[in-house]
Amino acid sequence: MKAFRTGSMFRGGAAAATGLAAVAALALTAVPDASAAPKREVSRGVRIPAFYDPPARLPRQNGALVRTEPLPLALTLSTVDGPLPGRATRLMYRSTDATGRPVAVTGAYLEPTRPWRGRGPRPLVAMGAGTMGQGDQCAPSLALENPLTLQAETVSVGYEDLAVYRLLDQGVAVVVTDYVGLGTTDRVHTYAERFDQGHALLDAVRAAFRLPGTSLTAGSRVGLYGYSQGGGATASAAELQRDYAPEIRLAGTYAGAPPADLAQVIKGIDGSALAGALGWSINGLVRNNPAIKPVLDANINAKGRAALADLSTMCVGDAIFGYAFARSEQWTTGGKSLSAVIAAHPAVKKVLARERLGSLRPSGPVRLTTGVLDDIVPHAQARRLAVNWCAKGAKVTYQPVELPNLGDKLLTNHFAPLLTDQTAAVSWLTARLNGKPAHSNCSALPDLP
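## Structural notes on the layout of surface pockets
1) Next: Estimated volume of the second largest pocket: approximately 530 Å³.
2) Next: Residues of the lining of the second largest pocket, tallied by class, amount to 23 nonpolar, eight polar and no charged.

## Describing the pattern of salt bridges
1) Next: Following the criterion strictly, the structure yields 16 salt bridges and no others.
2) Next: Ionic pairing is found between aspartate 310 and arginine 44, a salt bridge with its closest N-O pair at 2.3 Å. With aspartate 310 in helix H9 (residues 302-311) and arginine 44 in the loop between strand S1 (42-43) and strand S2 (46-47), the pair connects residues that are 266 residues apart, well separated along the chain.
3) Next: Given the relative accessible area of 27%, aspartate 310 is considered partly exposed.
4) Next: With a closest N to O distance of 3.7 Å, glutamate 239 and arginine 194 form a salt bridge. In this pair, glutamate 239 sits in helix H5 (residues 229-244) while arginine 194 sits in helix H4 (residues 194-210), placing the two residues 45 residues apart along the sequence.
5) Next: Look at glutamate 239 and you get buried, because its relative accessible area is 3%.
6) Next: The exposure class assigned to arginine 194 is buried, which follows from its relative accessible area of 8%.

## Re H9
1) Next: If you check which residues of H9 are buried, you get Gly304, Ala307, Leu308, Ala309 and Leu311.
2) Next: Considering only its buried residues, H9 is in contact with helix H7 (277-288) and helix H10 (316-323).
3) Next: The N-cap residue of H9 is asparagine 301: its side-chain oxygen and the backbone nitrogen of lysine 303 are 3.2 Å apart.

## Comments concerning empty space enclosed by the protein
1) Next: Enumeration according to the criterion identifies four cavities of 30 Å³ or more in this entry.
2) Next: Put simply, the largest cavity is a space of about 130 Å³.
3) Next: Forming the boundary of the largest cavity are Ile266, Ser281, Ile282, Leu285, Ile292, Val295, Leu296, Leu338, Val341, Ile342, Val348 and Leu352.
4) Next: For the lining of the largest cavity, the secondary structure elements donating two or more residues are H7, helix H8 (293-299), helix H11 (338-343) and helix H12 (346-355).
5) Next: Tallied by class, the residues present in the lining of the largest cavity amount to 11 nonpolar, one polar and no charged.
6) Next: Estimates place the volume of the second largest cavity at around 60 Å³.
7) Next: Lining the second largest cavity we find Met127, Ala129, Met132, Pro140, Ala143, Leu144, Glu160, Asp161, Val164 and Val176.
8) Next: If you list the elements that add at least two residues to the lining of the second largest cavity, you get helix H2 (140-145) and helix H3 (161-169).
9) Next: It is H2 that contributes the most residues to the lining of the second largest cavity, three residues altogether.

Here is what the cut-offs are and how they apply
- Residues numbered from 1 in each chain as written.
- Predicted model: local features only at pLDDT ≥ 70, side-chain atom pairs only at ≥ 80, totals over all residues.
- Heavy atoms only, no water.
- 1 Å grid on protein atoms, 1.4 Å probe; cavity = no way out; pocket = protein on both sides within 12 Å on 5 of 7 lines; lining within 4 Å.
- Points joined across faces, edges and corners; volume = space filled by probe spheres on them.
- Nonpolar A, V, L, I, M, F, W, Y, C, P; charged D, E, K, R; others polar.
- Salt bridge = Lys/Arg side-chain N within 4 Å of Asp/Glu carboxyl O.
- Helix = DSSP H or I, 4+ residues; strand = E, 2+ residues; numbered from the N terminus.
- Buried < 20%, exposed > 50% of the residue type's maximum accessible area, 1.4 Å probe, protein only.
- Contact = heavy atoms within 4.5 Å.
- Polar contact = N/O pair within 3.5 Å; in protein donor to acceptor, adjacent residues only side chain to side chain.

If you want it as structure tokens, here you go:
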């Protein structure tokens, strides 16, 4: 099991990454002999399929397929034309992590049964899922197969399946990424790390176009869809596309409630129903930034270290049951909040500054949604991202969602806009895939909340 350990993870992680980089130039994917295969990972009582074990060698190109297999969807309806809403394929593909090293990422491609009735060939949307957790059993591709995992040790709900099915119903093909380390058994999921997320999403697009037997063509338009963690992933991908994947032309990007400034988001989730996400954030940042490990060693107490290890295998449901409304002061040696620890250490502040979205102009039109009363992924930092993008000349449709206060720090003010805005978000993105131009409201932004 790949639980986070503050004392030893970098010695093993650095050696594994060095070995992986040394073989990255080989074009052939090699799978280790079964006799040398590690014991099957069991994460909180869930046996992770062998498909999710990365091979020792990866292909040379980003987005290259490592392996595929049919993926049975939990919700299907048989017709004379095949299963509705479509057929699914489990994917493993190559990407590049935030440190520049090759990494295996899993996900799923879904080919719709419905015809695309818009302009041009069938389009593709790359889905960045919202927060699912850090345990491998929480992977979005597994949630398509098992939308509800309810066991003694873990609880996971595939709430993003609704958006996937709505896109399929429009005749839009969908590719879902599991992100770096979620599902794959070789490393901890790096959670909100923007480079890992953006790369994984863009390489999922590449993998979908390389998959044989689909109805995608070279002329298929591409869109990105994501809310919360997924909104951060799509925002990052839109910013990184120009340099990382210039061959991909983005028709439109939906970025809902993006965690654009992790320093502010850490303040938002501290003491909330999703306080467990503090642990996922720390675990993910340390995985790619060993310079901040000494800060953690000096400032995280025994209770905090135990929580970090525990959370590294948890899904959202587990974290709510186990760590709802926890305060980070309980996890530090001096009783300071995690935000205060960050503010006192330039090395950590530097890492978080690198993670901040908004320094690059996104490619193509973007629809940015944020709940005005969102107190988990704070509204102000999401609105600031729209301001920054507008200042860089991006075509931004900024949509503040105004709802009544549904309970402070309960997740409700964060989750409700996902549901209430979903129809409009899917419609906006479908219009972009249909070739219709987007209209920026940057000029009106100063008058919007």
